[in-house]
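Examination of the molecular architecture
Here is what each chain is made of, one letter per residue.
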Amino acid sequence: MFERMHASQVFTSSEGKEVELRGWVARKHRVGKVAFLILRDGTGYVQVSAKSEKVGENTFHSLSSLTLESAVIVRGRVVSDKRAPGGKEVSMEELEVVSLAEKWPITKSAVKSASFLYDMRHLSIRGPKAIATIKLRAEIIRAAFSYFTSKGYTLISAPTFVQAAVEGGATLFEVDYFGKKAYLSQSAQFYEEAALPALERVWIFQPAFRAEKSKTSKHLTEFWMIEAEQAFSDQSENMKVQEELLKFVFESVVANRQEELRILGRKLKDFSLPIPRITYDEARNIASKKGIEFKWGDDIPTEAERLLSLSMDTPFFITDYPLSARSFYHMTYSERPDVTISSDLIAPEGYGELATGGQRIHDYNALLNRIREQKLNEESFRWYLELRKYGMPPHSGFGIGVERTTRWIAGLKHIRAASLFPRTVSRISP
Ligand code: 4AD
Ligand code: MG
């Protein structure tokens, strides 16, 4: 009796065990009278060997016309072989070709640019690095679920059709909502804030949309964000949650995804808590020493952030951003009304910003004044403001980009590799 198994289970199976594998032909070669397949399934790769005397002339012959990426069922016995990757392989006895693939179009000579691989993303996601990256991303998300659950946060969801900008009007995607103007959500933060009096600590994991015209290695137009918001919480507690989450995610990846890190050639450097904190003013001085000047009040330019990030070997916070570089809802210091109680969490090695967070204005009049000062449309923030009339305590929160985090953990040049089907300024297909 052949027992249904996955590739990874072969390596812990006993010699002679009869197994059935279902998967895809990732590689194929032949040495004399023995054909070798590298079979891939959702758990990894395993070598299958086929000897003509064992499988019979017909099957052996059909192996020669078996194309890469065909879906097959293989039955055979587990054998130990020092030459096989992982020390074990399956010696084929039966082969069923479930779906014979056409000639695989992604060949060395066909790949003329990285963009070709993304045009072919529906197929190229089968490559080992793409698979490893998606598994790392999944581990990051799994760890976040586990972290927030253990800390008593409730997972919520929020609409993605919205009527107001959370992070400024410049990056809104407009949609026609039955003749009315609506937008795709930039962040679920306002809905989290509304949920606080009901749930006290909430988190969310869903897509966010930004009409970012910049073609950079860290911007997607659609990405996934993990956001968290806490009632009765100040910014120092908020930063503690962020660094704890990051550390927990980091440790989960290191504990559970060594094989994927190996495939990606990624060596991660551990870090300890608390992570370093520098202020915006300090960051500006450091950037200036590195030759990049920018006006106090401007957002930290990408290149300055990259140099700061390159100079660190641990994640760190930049705190106290000028109000002019932040969205309207930020609380400011009473003694420095132009400086927000906020932070960016920055990854080392040049990867840059992972998260943004801060203390929110919880007082009705203070928020109304801010909205008026910034000449924003009061009506579109009506319910957000009204929350402040009905028991809004001091609260804080943050949002961390899932693909940004994956990019850092996996060591990817470009953020698009962190997404199964990336959306950028120039890409909306496949
Ligand atoms: O810094 P952002 O814009 O902050 C907010 O949206 C807050 N409302 C979050 C909150 O406090 N609840 O976005 C948060 C994070 C960024 O730090 C970054 O990691 C990621 O989302 N992000 C992007 N990731 C990929 N492509 C883009 N265009 C991104 N824009 C932001
Ligand atoms: Mg930000």
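Figured I'd write up the structure that's included with this text. (Residues numbered from 1 in each chain as written. Chains lettered and ligands numbered in written order. Predicted model: local features only at pLDDT ≥ 70, side-chain atom pairs only at ≥ 80, totals over all residues. Heavy atoms only, no water.)

1. A few points about the overall build of the protein chain
Each helix and strand in the protein chain was counted, giving 13 helices and 19 strands. Each of the three principal axes of the protein chain carries a C-alpha extent, and together these read 85 × 50 × 45 Å. For the protein chain, the residues scored as buried account for 51% of the 430 residues in total. Within the protein chain, residue pairs in contact and separated by at least 24 positions form 66% of the contacts whose partners lie at least 6 positions apart. Within the structure as shown, the protein chain displays about 20800 Å² of accessible surface, and the carbon and sulfur contribution to it stands at 54%. Counting 60 positive and 54 negative side-chain charges, the protein chain places the centres of these two groups 6 Å from one another. (Helix = DSSP H or I, 4+ residues; strand = E, 2+ residues; numbered from the N terminus. Buried < 20%, exposed > 50% of the residue type's maximum accessible area, 1.4 Å probe, protein only. Contact = heavy atoms within 4.5 Å. Areas by Shrake-Rupley, 256 points an atom, 1.4 Å probe, with all protein chains shown as cover. Lys, Arg positive; Asp, Glu negative; His and termini not counted. Charge placed at Lys NZ, Arg CZ, Asp CG, Glu CD.)

2. Digging into the nonpolar core
It is characteristic of soluble globular proteins that their nonpolar side chains tend to be buried jointly. The biggest cluster of nonpolar side chains holds 39 residues, and the ones touching the most others in it are Phe 148, Leu 245, Ile 400 and Trp 408. Contributing elements (two or more residues each) for this core: helix H5 (128-150), strand E12 (222-231), helix H7 (235-256), strand E17 (342-347), strand E18 (352-359), strand E19 (395-401) and helix H13 (402-410). Broken down by element, the residue count for this core peaks at eight residues, all from H5. Sequence-distant contacts of Ile 400, defined by excluding residues within four places in its chain, comprise Trp 224, Met 225, Ile 226, Leu 245, Leu 246, Leu 345, Leu 354, Ala 355 and Thr 405. Counting residues in hydrophobic clusters, the runner-up holds 22 residues, among them Leu 21, Leu 39, Val 55 and Val 72. (Core = buried A, V, L, I, M, F, W, Y, C linked by side-chain atoms within 4.5 Å.)

3. Here's the deal with the site of ligand 1
Near ligand 1 lie 23 residues; those nearest to it are Glu 167, Gln 189, Glu 227, Glu 353 and Leu 354. With respect to ligand 1, the backbone of Leu 220 contributes an N or O atom lying 2.8 Å from a nitrogen atom. Between Glu 353 and ligand 1, the recorded distance is 2.5 Å, taken from a side-chain N or O atom to an oxygen atom. Burial of ligand 1 by the protein chains amounts to 96% of its free accessible area of 630 Å². Counting residues per element, the shell around ligand 1 draws most heavily on E18, at four residues. Looking at the shell around ligand 1 residue by residue, the classes come out as nine nonpolar, six polar and eight charged. (Near = heavy atom within 4 Å. Polar contact = N/O pair within 3.5 Å; in protein donor to acceptor, adjacent residues only side chain to side chain. Nonpolar A, V, L, I, M, F, W, Y, C, P; charged D, E, K, R; others polar.)

4. Quick word on the packing of aromatic side chains
Each pair of aromatic rings is reported with the distance of its centres and the angle of its planes. Taken as a whole, this structure holds 24 aromatic pairs when the rule is applied. With centroids separated by 5.0 Å and ring planes inclined at 70 degrees, the aromatic side chains of Tyr 177 and Phe 178 adopt a geometry described as edge-to-face. Judged by its relative accessible area of 38%, Tyr 177 is partly exposed. Take Phe 178: its relative accessible area is 76%, and that puts it in the exposed class. Each member of the aromatic cluster is reached from another via a ring pair, and the members are Phe 145, Tyr 147, Phe 148, Tyr 153, Trp 203, Phe 205, Trp 224 and Phe 248. Across from the ring centre of Phe 271, 5.1 Å away, lies the NZ or CZ of Lys 247, which sits over that ring. Here the guanidinium or amino end of Arg 326 rests over the ring plane of Tyr 321, the centre of that ring lying 4.0 Å away. (Phe/Tyr/Trp six-rings, centres within 6.5 Å; stacked < 30°, edge-to-face > 60°. Lys NZ or Arg CZ within 6 Å of the ring centre and 35° of its normal.)

5. A few points about the side chain of Ser 327
Within the element layout of this structure, Ser 327 appears in the loop between strand E14 (316-319) and strand E15 (332-333). Of the polar contacts made by the side chain of Ser 327, one reaches the backbone oxygen of Val 166; its length is 2.7 Å. For Ser 327, the residues in contact, after removing those within four places along its chain, are Val 166, Glu 167 and Gly 168.

6. Quick word on the pairing of strand E2 (residues 18-31)
Here strand E1 (residues 3-5) runs beside E2; their pairing, made up of three bridges, is parallel. Bridge assignment links Glu 3 to a residue of E2, and that residue is Val 19. Bridge analysis of E2 against strand E5 (residues 71-80) gives seven bridges, and the strand direction is antiparallel. Note on E5: the bridge partner recorded for Trp 24 is Ala 71. Pairing geometry for E2 and strand E3 (residues 34-41), over seven bridges, is antiparallel. Its bridge partner being in E3, Lys 28 is matched across the sheet by Leu 37. (Pairing = 2+ DSSP bridges.)

7. Overview of helix H6 (residues 189-199)
Every α-helix carries 3.6 residues per turn, so stepping three or four residues along brings you back to the same face. Of the positions making up H6, those classed as buried are Gln 189, Phe 190, Glu 192, Glu 193, Ala 195 and Leu 196. Elements in contact with the buried residues of H6: strand E7 (154-156), strand E11 (201-209), E12, helix H12 (382-386) and E19. Count one or two residues on from H6 and you reach Glu 200, which has phi positive near 70 degrees.

8. As for the packing of H5 against H13
If you want to describe how two helices pack, look at the angle between their axes and the distance between the axes. Orientation of H5 relative to H13, taken along the N-to-C sense of each, is 120 degrees, at an axis distance of 9 Å. Taken together, the axes of H5 and H13 lie oblique to each other. Remark: the crossing between H5 and H13 carries right-handed chirality. Together, Thr 133, Leu 136, Arg 137, Ile 140 and Ile 141 of H5 and Val 402, Glu 403, Thr 405, Thr 406, Ile 409 and Ala 410 of H13 make up the contact between the two elements. The residue inventory of the contact of H5 with H13, partitioned by class, reads six nonpolar, three polar and two charged. (Axes fitted to C-alpha atoms, helices over the stretch in contact; angles between N-to-C directions. Parallel < 35°, antiparallel > 145°, perpendicular 65-115°, else oblique. Left-handed = near helix turned anticlockwise from the far one by under 90°.)

9. Details of the environment of Gln 186
Tracing the backbone through its elements, the reader meets Gln 186 in the loop between strand E10 (180-184) and H6. Judged by its relative accessible area of 2%, Gln 186 falls in the buried class. Sequence-wise, Gln 186 and Val 78 are 108 residues apart; in three dimensions their C-alpha atoms are separated by 52 Å. Excluding residues that lie within four positions of it along the chain, Gln 186 makes contacts with Ala 165, Val 166, Glu 167, Gly 168, Thr 171, Leu 172, Ala 208, Phe 209, Arg 210 and Met 225. Of the polar contacts made by the side chain of Gln 186, one reaches the backbone nitrogen of Val 166; its length is 3.0 Å.

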